[in-house]
Amino acid sequence: MRPALLVQDLTVSLRGRALIDGVSFALDPGQRVALLGASGSGKSLTAAALLGQLPAAMSASGRLQINGVDVRLSSRGTKRDGIAAIHQDPVSALNPLVRLGKQLEIPLRHAGLSASMARQRALELIASVGIAEAERTMESFSGELSGGQLQRLCIAFALACRSAVLVADEPTSALDMVSQAKVLDALSLYSTSAVSTSAYSTSADSTAAGAVLVITHDLAVAAACCHRALVLVSGRLVEEGPMESLVERASHRYTQQLVEAAHIGFDSLPREATV
Ligand SMILES: Nc1ncnc2c1ncn2[C@@H]1O[C@H](COP(=O)(O)OP(=O)(O)OP(=O)(O)O)[C@@H](O)[C@H]1O
């Protein structure tokens, strides 16, 4: 199976100092993978490198492939095809002056849907990420929704764009537990939805599922929604593996500390994350 995301030997440097040092990993379609690490370990810079959003003073090298297409790591500024992101603060991703339904319909119209089909699909997407009253949400502005609802709406946007990869950077850290669970459910939905072609075609490839990279320092969040985890320490990948073996048999001291701090055991993992 072709990976949705392939990262080889990613290095991000600032004035000759490597902030990210030789990081390699891959995400298969349908996989949810956590990128864990302490504050300052390089999680956000890794995300920025994947999205082409590194500060101008930094340089990136290595290989990046999104949905089978090589992407120049040095390119930045424009949105990269096949990859979308949601951030801790969803408000900044949305236009506060345009009704949410109109914003959601834009990528759908771009994909070739008629106005009425785009509206219908937008309603379906809003409902699919667990937001009740889809009709009313379509007519709302971003300031009228809660943080958790906006976060799920951003996931609906990523679904509308049919990005093969969704990078979720601390998607739940500003939310209460109930909203957190709903956002994690929406991320699961993303990775089981067919997303990875840009056109609404019927080709075999259009059935590939989305892959999600969840950036977090919270092991409980990672365990609740991810199949695998990658652990970053000081810009280097020190450990990776299936979620349950990481929790049960962490080998790096930082991962062991995370497990001890989270006090979670294998039994608390959802069934889906253990396959
Ligand atoms: N704009 C910048 N200029 C200089 N150094 C930076 C810049 N952004 C990040 N760094 C450095 O790069 C390293 C990795 O930072 P990064 O923001 O990726 O960490 P993080 O794991 O996302 O942390 P957090 O969980 O606190 O967001 C840190 O040492 C940080 O000081």
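For the structure given in this document, a descriptive report is provided here. (Residues numbered from 1 in each chain as written. Predicted model: local features only at pLDDT ≥ 70, side-chain atom pairs only at ≥ 80, totals over all residues.)

Before going further, it helps to examine the pairing of strand 10 (residues 236–242). Examined bridge by bridge, strand 9 (residues 228–233) and strand 10 share 6 bridges and lie antiparallel to one another. When the sheet's bridge partners are listed, V231 is paired in strand 10 with E239. Taken together, strand 9 and the strand that follows it, strand 10, pair antiparallel across an intervening segment of 2 residues, in which S234 is found at a positive phi of about 50 degrees. (Pairing = 2+ DSSP bridges. Helix = DSSP H or I, 4+ residues; strand = E, 2+ residues; numbered from the N terminus.)

Moving on to the sheet that holds strand 1 (residues 5–14). Overall, antiparallel pairing links the 4 strands, which are arranged 2-1-4-5 in an open sheet. A single partner strand is all that each edge strand has here, and the edge strands are strand 2 (17–27) and strand 5 (69–71). Taken over all neighbouring pairs, the strand axes of this sheet differ in orientation by 5 degrees on average, direction set aside. Contacting strand 1, strand 2 and strand 4 (58–66), helix 1 (residues 43–51) crosses the sheet at an angle of about 70 degrees to strand 2. (Axes fitted to C-alpha atoms, helices over the stretch in contact; angles between N-to-C directions. Contact = placed C-beta atoms within 7 Å.)

Moving on to unusual backbone geometry. Positive phi, close to 45 degrees, is recorded for R15, a residue that is not glycine. Residues other than glycine seldom take positive phi values, yet N67 does so here, at roughly 55 degrees. Judged by local crowding, N67 falls into the buried class, with 24 C-beta atoms found within 10 Å. (Buried ≥ 20, exposed ≤ 12 C-beta atoms within 10 Å, placed from the backbone.)

On the basis of which strands lie adjacent, the open sheet formed by 6 strands has the order 6-7-8-3-9-10 and mixed pairing. Only two strands of the sheet have a single neighbouring strand rather than two, namely strand 6 (83–86) and strand 10. Going from strand to strand, the sheet's axes swing by 20 degrees on average, the running direction of each strand aside. Of the strand pairs in this sheet, strand 3 (residues 32–37) and strand 8 (residues 211–216) are connected by 5 bridges, and their pairing is parallel. Its bridge partner being in strand 8, L36 is matched across the sheet by T216. On top of the sheet, helix 5 (residues 147–161) reaches strand 6 and strand 7 (165–169); it is set at about 175 degrees to strand 6, its chief contact. Sitting on the sheet, helix 6 (residues 177–192) is in contact with strand 3, strand 7 and strand 8, with an inclination near 150 degrees to strand 8.

Turning our eyes to something else, we now look at the site of the ligand. Neighbouring residues of the ligand: L14, L19, G37, S39, G40, S41, G42, K43, S44, L45, P55 and H217. Residue classes in the shell around the ligand are distributed as 4 nonpolar, 7 polar and 1 charged. (Near = placed C-beta within 6 Å. Nonpolar A, V, L, I, M, F, W, Y, C, P; charged D, E, K, R; others polar.)

Let us look at the packing of helix 2 (residues 100–110) against helix 3 (residues 115–128). In a packed pair of helices, the relevant descriptors are the angle between the two axes and the axis-to-axis distance. Taken N-terminus to C-terminus, the directions of helix 2 and helix 3 make an angle of 115 degrees; their axes are 9 Å apart at the nearest point. The two elements helix 2 and helix 3 cross, and the hand of that crossing is right-handed. Across the interface between the two elements, G101, L104, E105, L108 and R109 from helix 2 touch A118, R119, R121, A122 and L125 from helix 3. Among the residues forming the contact of helix 2 with helix 3, the class breakdown is 5 nonpolar, 1 polar and 4 charged. (Left-handed = near helix turned anticlockwise from the far one by under 90°.)

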